[in-house]
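Take a look at the letters that make up each chain.
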Amino acid sequence: MISLLRTIRLTFLHMFRKRETIPYPEEKVSLHPRWRGRIVLTRDPDMGERCVGCYLCAAACPVDCISLQATEDENGRRYPEFFRINFSRCIFCGYCEEACPTYAIQLIPDFEMGEYNRQDLVYEKEDLLINSQGKYPGYNYYKVAGIDAGIKGKGEGDNEEPPIDIHSLLP
Amino acid sequence: MAIIYIDHKAYEVTPGKNVLETCLTLGFNLPYFCWHPAMGSVGACRQCAVKLFKDEEDTKGRIVMSCMEMVKEGMFLSVEDPAAKAFRAQVIEWLMTNHPHDCAVCDEGGACHLQDMTVMTGHTYRRFQYQKRSYKNQYLGPFIHHEMNRCIQCYRCVRFYKDYAGGKDLDVFAAHNHVYFGRAEDGILENEFSGNLAEVCPTGVFTDKTLKAHYTRKWDMTMAPSICQHCSLGCNIIAGERYGELRQITSRFNAEVNGYFICDRGRFGYEFVNSKNRIQQPLIRTKVPDTNDKQNLYQHLKKILSTHKVMGIASPRASLEANFALRQLVGSTNFYHGISETEARLMRSILQTLGSGQVQSPSLKEIEAADAILILGEDLHNSAPMMALAVRQAIRKAPFEAAQQIGIPSWHDAALLGFTQDKKGTLFIAYPTKTKLDELAANTMHRAPDDIARIGYAIANMLNPLSPSPEDIGQDDLKLAKRIAGIIKQAERPLIICGTSLCHEALIKAATNIAVALGTKEKKAGLSFVVPECNSMGLAMMEAPSLMQAAEALKKGEADTLIVLENDLYRGTQKKDIDDLFSYCKELIVLDHLHNETTGKASVLIPVATFAEAEGTMVNNEGRAQRFFQVFDPKNENFRESWRWLDEFKQFKNGVNPEDLAAPGNLITTLVALMPQFKGAETAAPDAGFRINGQKIPREPHRYSGRTAMLANINVSEPKPSEDQNSALSFTMEGYRGMPPAPLTPFFWAPGWNSGQSVNKYQEEVGGALQGGNPGKKLFPEIPVAGKTFLNDIPPAFTPLPGEWLMLPLSHIFGSEELSIYTPGIAERAPRPYLAISKNDAKRLKVLDEEILQLQLQDQIYQLPVLIKEELPDGLAGIPHHIPELTAIAWPANGILTKPK
């Protein structure tokens, strides 16, 4: 009898608590910045594509839902010719983001990707690439890499000495 | 065997080897850079340090470089010693102070020895705060990309390029920590083996430029064991595919054939598979192509095959299975070789020699061990490049035996170089022009083919008086023949090399006589023949008449329909002969993978699979049957194996309806049952039913990516992976993950060893045979022969014909081969047409270098720029063999040279 009354009391008290549910979609959910949602491809500070087509995200993906082909522009800068994520397979584990050596692929706080047709969950590069640096502003891979891809010449990087004159015998 | 102790555990090992290779054979993961099993040790990189103890009591020990230490009985070593480990980690850390942050854009990544070794030693974070050294790159031609920043100064590239392959234009420049590996100035790497730099370099300084154009990581490729199609040597290769395109060729180790390396034609000549010139769909020229092509084709062919008299033309570049399926379709009496009468005669002559049991047909490995070599009428660098590399090793390594007697082991490269200085083995070359091997030769003879054959006969006569002697041979030639005979008689492992390049039968007979005369009852002499195409030998073994006889049979009305299998008949003989041949047939059915002149004449054209899309068996120049496997299932369903089409046609002929077609049976076992000369070919690789623990061997590495996305743009529901009914390999990443049998090894990989260096784990002993024996089966059995029979067909001495020149087909590594020319880089390296004449002839014709001469050859007239070759005998004129502009010539040929007005 007592327990019954206690239950009624508790239930009654809950009426005055703050509501856990929200009237979505009228009201939007507030998500943490590190929420692992929709995957995007970001750009570097010069608005060039950050993705260099290294295939590490594809290799890290446990469901093998990333597929791409690397290609090069006339300066030798690598970029993906196509970049496809099959979101109907993606488990949003974030391994691709962790594997990415250039901060190109990022998971953002957005989960509103529902579709009526499964085929529409296949995202191509046009769907993935955004005009933003995402979570890691200021990073440009080609400025720290050793190759010359039209961003900086040989030996012009911050961490590089000028190119060696191979005809010099000075120490 | 010796007992050594590694980390207090006893192991039984081979004495005399170095500690590094011994440790690797025993399965230790010991990092290294500069040592290479084919090139030996120099102790340059300091990476393979281990601790060596005086005796069991010694606790202090000393750090030594394991690659420079010889295995001795009772040695006490430690690989796991903390000081040795710290030393190795330290060396990597130093190397990495200048290594750029490039892995993401580096083509080596994922198959990088430096990555593997860095992970192995445990170096993770860069502590060095200062700046990285940088270099400018060089343009090295269409095959190799240069990225010098990534260099770790192991010196492997120059040791391979200069010492091993004899290259002149790659070297090391500058000093101390500024050393630079490259050319004196930008330019194309000239050596024929430059592609191996991409595999020899432990990091990404030298990478494959053709791969870069459609870059794919090693882990993403579907790979299969294959056989190179671009010359007769049958080098073992690994072919890799991604997204329905062939992406890369790498060498597949086979201790008896190509070892660790392949030539540039083999490595870069693969792009014909992806060519736009591929035949895409079946075509019946009298009908408009429509969507129901295959059904139309079947109906049409059923009508033709059941009513017409059919004749088959086989191909020296198609597999045994394909040629055999054609033979089964048309019957043995209507089966003809698709080669000219000259070539057929040469092949018959070669086969007779090799099948007689009087000589031994050596593998490339055995060629490497020869101590005196005589080359008759072959420019090996251009006709069989890997044989040239083997000859170079034989000449280079001949003095090593003397070094071993004074205690220098065979792996101690630096000491051997110091010991040998300019000592080398003996090589004699007889060829009308200069060849790249001339620099190693003790004597070169630039003579006309007839004269070369006469010298050959003279040598044979001096070795054995029963061999016929040429009449009125010059005193100089006689002296030379005597000298050569004396040297090769004394040699322990003499070798004669000859071939079909000059289209001269007397050469083959002279070479046969020399080898027969040299051989003794106990030991037969080695005689190696270079033949024209990848399966010329296999085709020759299926004895059949040549193209000329086919024309006669057609004329007589023995058949009215011709089936041409993977063969551009216009390449090998005169245009009018082939036009003639085709004019006698009502229907011309052509099966091929690329459009060419013959396919242009076809009334029914059928697309077929290339080597990458088909499975088959080929016989190389030494008579070794080797199987190649399908790499991928092509997107285009019409790219079917020739033997599959032909087997269906056979069923049509037998009255089967297109709806009731059965799958082809095992063609190779039927072939062996019908033609016992191929006995053993069926054992070249395990058959389709082979399983390990009930599993197939996967063609894809376990880290293959993108399975659920690569076709999602077409349909989000993934299709079932295609199944391979013809082999024990699967097209997926699922299957047996352990060590596959050697002929079924699709790629080399071991835990912690992602690069090609993982082949160490697949060998019985590092540098030795693959586990379970090297792939391939030699078909010529060792038959004991008592007597010696000599051939007698001595040509008269060559005298220039008045007003006519004897034409020489001069082979070129890039250009002379039909399929590789579809790679843009190879087409770029191919020679422009030229006419090589002697200095005297040039003077007589009053022409200078590069001036245009008119050549009238058979029924064609060419305008060609002159190339004066001083060494060329008078009366001879050379043109590049089989380059696209100069085909349709019936060899041997005489031409008339005139100055155009």
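These numbers were taken from a predicted model, which means no experiment stands behind them. (Residues numbered from 1 in each chain as written. Chains lettered and ligands numbered in written order. Predicted model: local features only at pLDDT ≥ 70, side-chain atom pairs only at ≥ 80, totals over all residues. Heavy atoms only, no water.)

Turning our attention to the overall build of chain A. Per the secondary structure count, chain A includes five helices and six strands. Computed over its C-alpha atoms, the radius of gyration of chain A comes to 24 Å, more than 25% above the 16 Å expected for a compact globule of 171 residues. Here the C-alpha coordinates of chain A stretch approximately 100 × 40 × 30 Å along the principal axes. A total of 171 residues make up chain A; the buried ones form 42% of that total. Partitioning the intrachain contacts of chain A with sequence separation of at least 6 by distance along the chain shows that 67% fall at a separation of at least 24. Computing the positive centroid from 21 side-chain charges and the negative centroid from 26, chain A places the two 12 Å apart. (Helix = DSSP H or I, 4+ residues; strand = E, 2+ residues; numbered from the N terminus. Rg over C-alpha atoms; globule rule 2.2 N^0.38 Å. Buried < 20%, exposed > 50% of the residue type's maximum accessible area, 1.4 Å probe, protein only. Contact = heavy atoms within 4.5 Å. Lys, Arg positive; Asp, Glu negative; His and termini not counted. Charge placed at Lys NZ, Arg CZ, Asp CG, Glu CD.)

With that out of the way, let us pick up the environment of F790(B). Residue and element names in this part refer to chain B. Within the secondary structure, F790 is located in the loop between β29 (777-778) and β30 (805-810). Once the C-alpha coordinates of F790 and I6 are considered, the two residues, 784 residues apart in sequence, prove to be 58 Å apart. Dropping the residues within four chain positions of it, F790 is found in contact with N464, L466, S467, P468, N513, V516 and A517.

Residue and element names in this part refer to chain B. Here chain B is partitioned into domain 1 (2-96), domain 2 (132-213), domain 3 (214-274 + 686-708 + 720-774), domain 4 (279-339 + 544-610 + 636-665), domain 5 (344-531) and domain 6 (805-898). Counting residues at the interface gives 12 residues for domain 1, matched by eight residues for domain 2. Taken together, the two surfaces of domain 1 and domain 2 that pack against each other cover about 920 Å², and 64% of this comes from carbon and sulfur. When the buried area of domain 1 at its contact with domain 2 is split by residue, F33, M39 and L95 rank highest and sum to 54% of it. Linking domain 1 to domain 2 there are zero salt bridges. Between the two partners, domain 1 and domain 2, sit five residue pairs in polar contact (both at pLDDT 80 or more). (Domains from an automatic or database assignment. Buried area = accessible area lost by both parts, 1.4 Å probe. Salt bridge = Lys/Arg side-chain N within 4 Å of Asp/Glu carboxyl O. Polar contact = N/O pair within 3.5 Å; in protein donor to acceptor, adjacent residues only side chain to side chain.)

Now for the nonpolar core. Grouped together as the largest cluster of nonpolar side chains are 249 residues, with contacts concentrated most on I66(A) and F678(B). Sort the elements by how many residues they give to this core and helix α18 (residues 505-518) of chain B lands first, with nine residues. Excluding residues that lie within four positions of it along the chain, I66(A) makes contacts with C57(A), A58(A), C61(A), F83(A), R84(A), I85(A), C96(A), I105(A), G706(B) and A709(B). (Core = buried A, V, L, I, M, F, W, Y, C linked by side-chain atoms within 4.5 Å.)

Here, the residues flagged by UniProt with the feature "domain: 4Fe-4S His(Cys)3-ligated-type" (unreviewed entry) are residues 83-122 of chain B. Between the end C-alpha atoms of residues 83-122 of chain B the distance is 14 Å, and the span holds 57% helix and 0% strand. (UniProt positions renumbered as here; feature names shortened; annotations may be inferred.)

The next thing to look at is the UniProt feature "binding site: [4Fe-4S] cluster 1" (unreviewed entry) in chain A. Annotation from UniProt places "binding site: [4Fe-4S] cluster 1" (unreviewed entry) at C51(A), C54(A), C57(A) and C100(A). Spanning 50 residues, the annotated positions come together in the fold, the maximum distance between their C-alpha atoms being 10.3 Å. Tracing the chain through its elements places C51(A) in the loop between β1 (39-41) and α2 (56-60). Not counting chain neighbours up to four residues away, the residues in contact with C51(A) comprise L41(A), R78(A), Y79(A), P80(A), F83(A), T102(A) and A104(A). Note that C54(A) resides in the loop between β1 and α2. Residue C54(A) is classed as buried on the basis of its relative accessible area, which comes to 8%. In this structure, C54(A) is in contact with P101(A), A104(B), R217(B) and W219(B), ignoring residues within four places of it in sequence.

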